[in-house]
Amino acid sequence: MNDPKPQQQSQQQQQQQQTQKQQQQSRVGVLLFSATSISPDESVFIRSGVEQDVRNDGRGRLDHRDFDVELAPLPQSNGSARLRLGRTQVLVGVNAELEEPDSERPGRGKVVCVVKSAPSLAGKGSRKRDVALSGALQQIIADSDAIDTEALCVIPGKQCWVIYVDVVVVDSDGNVLDAIVLAAKAALGNTLIPSLRVIDSEEGDGKKEIELSEDPFDAQPLDCSRLPVAVSLTKIGSCVVVDATSQEEQCAAACLTFAIDADGNVCSTSKTGPGAVSPSGVIEMLKYAGQIAQQLHKKISAAVDSDSSERDDRM
Amino acid sequence: MEYVSPEGLRLDGRRANECRKIACRLGAVEHADGSCYLEQGNTKVLATVSGPQEVEQRSQMSHECAIVRCEFRTANFATSQRKDFGSGGDRRHKEAALLIQQTLADLVLVQLFPRSQFTVCITVLQADGGERAVALNAATLALIDAGVPLKSFLTACSAGFVDDTAIVDMNYVERTSGGAEVVVAVHPDSGHVAYLQMDSKLSIPHFQGVMSLAVRGCKQVNKVLRRFVKKQIMATRSK
């Protein structure tokens, strides 16, 4: 073709490629809660801000929002916590029920995590989202063996404690998974399991019976020292951002979540989103995650410990 | 088991005509146009309102007035024994949602918003008796928080008949005693009944006694809720 036309064509091609890239980068995956999507211009604004270490709410790239946690808002459950991380609000209730153990693991109890979004957040894709969050929480809390399931066994093969961790996502402004894991850790730290005794059955046929303590205050806390916290790092453009808001999540290419326990060990990792991260990028993200996880652990343990000492004083 | 002692005291120390302690917070959820977190005794309910907004299902749109859509859910940890109600809720939830929707469709001045929709979502966070009444109250408060024009400050209350005594605002233990429960919602100024539901059997004179006790309970609750709303409005105005 003639000389001016190839230039025009390449410009058009470049524009097309740019919009395609933007579209790809705006689909981070199933964990998004946004009801309204952002425009390409807002996306460019957020991305350039992040490159200059200034996010829309004034935070730096590695600044985590302040969270505040309220323990035992639901006294009817064995343990509960309400956590607010910016505008994201989650409510966790922990209930311990006596049930039959799995046939493959007769000497262990179970931990079951279920996440549901409040009906006001329901919409297209909310069921998929709830299932994804339930699976992620189950992986971080239950599959990582952070809670001693052998201690939950009551009568091997017959009865065990099943710890149900039910989460309701009341409001969402990004980073819902981290908020859920923090709230679950607080709720489990606040949980009291009723004491019971296993005695021989009165009929003398060798069967065992369970006797629950009559005193409602006779209960044991769970050992939650090995429970991790989750830190999600979102890649926006070529930079990494911690604790993304829902607007930032919409411009993200990929998101890595690390679950890190109080000793700094990585309990589980997961990556969502279509974008790719280089191996050195992953190591860098992990370093940031480690630092932030330490701060989160300190804050959440302080809240749980102060509440349990208040509770002991009351009793 | 004795639910009402000979001196007239119930299990939690209340008298037959005393309602439970109420706490409420408007604007509990930021993404909704209006929301309310309401506690009556140990029953805790969260209600959110969105609207007026575009009608989701074009076939249901009305050219004369707005439609009200209501969702009613109970959290898995709400009941004393943990129960997973599934994503759609069971039949009782759908029935409760339908009745609340009909009540609210009459309460809201829907003629002012043709071709639009109000979505009211109610979640019971802890169930200790009287959930439907508390849900209606929470929905009304959420509508007030959203600034939606209403006919009046509708309030609901439940009452029942246990141990030959009519008692108001029953908790879970009293509710499962086997006696009847009547849930009533009245417009406070006119005294008109907007919602009435009873399950179980009651003779007519007993029913009249329980119903009038419930209506008096509604007026009590209305007074308390009005005070809360005024306080919160004053607080936001002074900011």
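## Some remarks on the overall build of chain A
For chain A, the helix and strand inventory stands at 6 helices and 14 strands. Looking at chain A residue by residue over its 315 residues, the buried ones come to 47%. The contacts of chain A with a sequence gap of at least 6 include a subset with a gap of at least 24, amounting to 70%. Approximately 16100 Å² of chain A is accessible, and the part contributed by carbon and sulfur atoms is 46%.

## With respect to unusual backbone geometry
All names here are of chain B. Across the junction of Gly 51 and Pro 52, the peptide omega takes the value -5°, indicating a cis bond. Looking at the element boundaries, Pro 52 is found in strand β3 (residues 43-54). The phi dihedral of Asp 164 falls on the positive side, at around 60°, and the residue is not glycine. Tracing the chain through its elements places Asp 164 in the loop between β6 (155-162) and β7 (165-168).

## A closer look at the side chain of Lys 235 of chain A
Residue and element names in this part refer to chain A. Tracing the backbone through its elements, the reader meets Lys 235 in strand β11 (residues 229-236). Buried within the structure, Lys 235 lacks any salt-bridge partner; Glu 284 is the closest side chain of opposite charge, at an N-O distance of 10 Å. Only 3.2 Å separates the side chain of Lys 235 from the backbone oxygen of Ala 276, close enough to count as a polar contact. Excluding residues within four positions of it along the chain, Lys 235 makes contact with Ala 252, Ala 253, Ala 254, Ala 276, Val 277 and Met 285.

## Things to note about the packing of helix α3 (residues 126-143) of chain A against helix α4 (residues 176-189) of chain A
Residues and elements named next belong to chain A. Following both chains from N to C, one finds α3 and α4 inclined at 50°, their axes separated by 11 Å at the closest point. Comparing the axis directions of α3 and α4 gives the class oblique. Read as a crossing pair, α3 and α4 show a hand that is right-handed. Judged by residue contacts, Leu 133, Ala 136, Leu 137, Ile 140 and Ile 141 of α3 engage Val 176, Leu 177, Ile 180, Val 181, Ala 184 and Leu 188 from α4. Looking at the contact of α3 with α4, its residues break down into 11 nonpolar, no polar and no charged.

## Side note on the sheet that holds strand β4 (residues 67-74) of chain B
Residue and element names in this part refer to chain B. Across the sheet, 5 strands lie side by side as β1-β2-β3-β5-β4; this open sheet has mixed pairing. If you trace the sheet from one side to the other, it starts and ends with β1 (22-26) and β4, each paired once. Strand-to-strand twist across the sheet, computed as the mean angle between neighbouring axes with direction ignored, equals 15°. Pairing analysis gives 5 bridges linking β1 to strand β2 (residues 34-40), with the strands arranged antiparallel. Counterpart to Ala 23 in the pairing with β2 is Glu 39.

## Describing the sheet that holds strand β9 (residues 193-199) of chain B
All names here are of chain B. Across the sheet, 4 strands lie side by side as β7-β6-β8-β9; this open sheet has antiparallel pairing. Edge positions in the sheet fall to β7 and β9, since each of these pairs with one other strand and no more. For this sheet, the mean angle separating the axes of adjacent strands, direction not counted, is 20°. Across 7 bridges, the pairing between β6 and strand β8 (residues 180-186) is antiparallel. Considered in β8, the bridge of Thr 155 is made with Val 186.

## Things to note about the interface of chain A and chain B
Contact residues are listed per partner, giving 24 residues for chain A and 30 residues for chain B. Taken together, the two surfaces of chain A and chain B that pack against each other cover about 2200 Å², and 53% of this comes from carbon and sulfur. Taken as a group, Gln 76, Lys 116 and Pro 119 of chain A account for 28% of the area that chain A buries against chain B, more than any other trio of residues on that side. At the boundary of chain A and chain B, one finds 2 salt bridges. Run the count over chain A and chain B and you get 13 residue pairs in polar contact (both at pLDDT 80 or more). The set of elements that each furnish at least two residues to the side of chain A that touches chain B consists of β3 (88-99), β4 (110-117) and β6 (159-171) of chain A.

## A look at the packing of aromatic side chains
As enumerated under the stated definition, the model contains 1 aromatic pair over all chains in all. With centroids separated by 5.3 Å and ring planes inclined at 85°, the aromatic side chains of Phe 113 of chain B and Phe 118 of chain B adopt a geometry described as edge-to-face. Of the two residues, Phe 113 of chain B and Phe 118 of chain B, neither departs from the other in class, the shared state being buried. Its end group placed over the ring of Phe 67 of chain A, Lys 299 of chain A keeps NZ or CZ at 4.4 Å from the ring centre.

## Here's the deal with α3 of chain A
Residues and elements named next belong to chain A. For α3, with 18 residues, the first-to-last C-alpha span of 24 Å sits near the 26 Å given by 1.5 Å per residue. Considered for burial, the residues of α3 that qualify are Ser 126, Arg 129, Asp 130, Leu 133, Ser 134, Ala 136, Leu 137, Gln 138, Ile 140, Ile 141 and Ala 142. Looking one or two residues beyond α3, the residue adopting positive phi is Asp 145, at roughly 60°.

## Focus on the nonpolar core
Counting 63 residues, the largest nonpolar core has Leu 38, Leu 104, Ile 122 and Leu 141 of chain B as the members making the most contacts within it. Setting aside its immediate chain neighbours within four residues, Ile 122 of chain B contacts Pro 119 of chain A together with Val 45, Leu 46, Ala 47, Cys 70, Glu 71, Phe 72, Arg 73, Ile 100, Ala 135 and Ala 139 of chain B. One finds Ala 81, Leu 83, Ala 146 and Ile 147 of chain A within the second-largest nonpolar core, a separate group that totals 61 residues.

## What about the pattern of salt bridges?
All chains considered together, the criterion is met by 25 salt bridges over all chains. Close ionic contact of Asp 57 of chain A with Arg 59 of chain A constitutes a salt bridge, the shortest N to O distance being 3.0 Å. Asp 169 of chain B is the partner of Arg 20 of chain B in a salt bridge, and the nearest nitrogen-oxygen pair spans 3.0 Å. Highlighted residues: Arg 20 of chain B in the segment before β1 and Asp 169 of chain B in the loop between β7 and α3 (172-175), separated in sequence by 149 residues.

## Things to note about the confidence of the model for chain B
Note that predicted coordinates carrying low pLDDT should not be read in detail. Counting all residues, the mean pLDDT for chain B is 93, and 100% of those residues have values of 70 or more. Among the scores for the predicted complex, ipTM is 0.88 and pTM is 0.88.

Procedures and definitions
Residues numbered from 1 in each chain as written. Chains lettered and ligands numbered in written order. Predicted model: local features only at pLDDT ≥ 70, side-chain atom pairs only at ≥ 80, totals over all residues. Heavy atoms only, no water. Helix = DSSP H or I, 4+ residues; strand = E, 2+ residues; numbered from the N terminus. Buried < 20%, exposed > 50% of the residue type's maximum accessible area, 1.4 Å probe, protein only. Contact = heavy atoms within 4.5 Å. Areas by Shrake-Rupley, 256 points an atom, 1.4 Å probe, with all protein chains shown as cover. Lys, Arg positive; Asp, Glu negative; His and termini not counted. Salt bridge = Lys/Arg side-chain N within 4 Å of Asp/Glu carboxyl O. Polar contact = N/O pair within 3.5 Å; in protein donor to acceptor, adjacent residues only side chain to side chain. Axes fitted to C-alpha atoms, helices over the stretch in contact; angles between N-to-C directions. Parallel < 35°, antiparallel > 145°, perpendicular 65-115°, else oblique. Left-handed = near helix turned anticlockwise from the far one by under 90°. Nonpolar A, V, L, I, M, F, W, Y, C, P; charged D, E, K, R; others polar. Pairing = 2+ DSSP bridges. Buried area = accessible area lost by both parts, 1.4 Å probe. Phe/Tyr/Trp six-rings, centres within 6.5 Å; stacked < 30°, edge-to-face > 60°. Lys NZ or Arg CZ within 6 Å of the ring centre and 35° of its normal. Expected span 1.5 Å × (residues − 1). Core = buried A, V, L, I, M, F, W, Y, C linked by side-chain atoms within 4.5 Å. pLDDT = per-residue confidence, 0-100.

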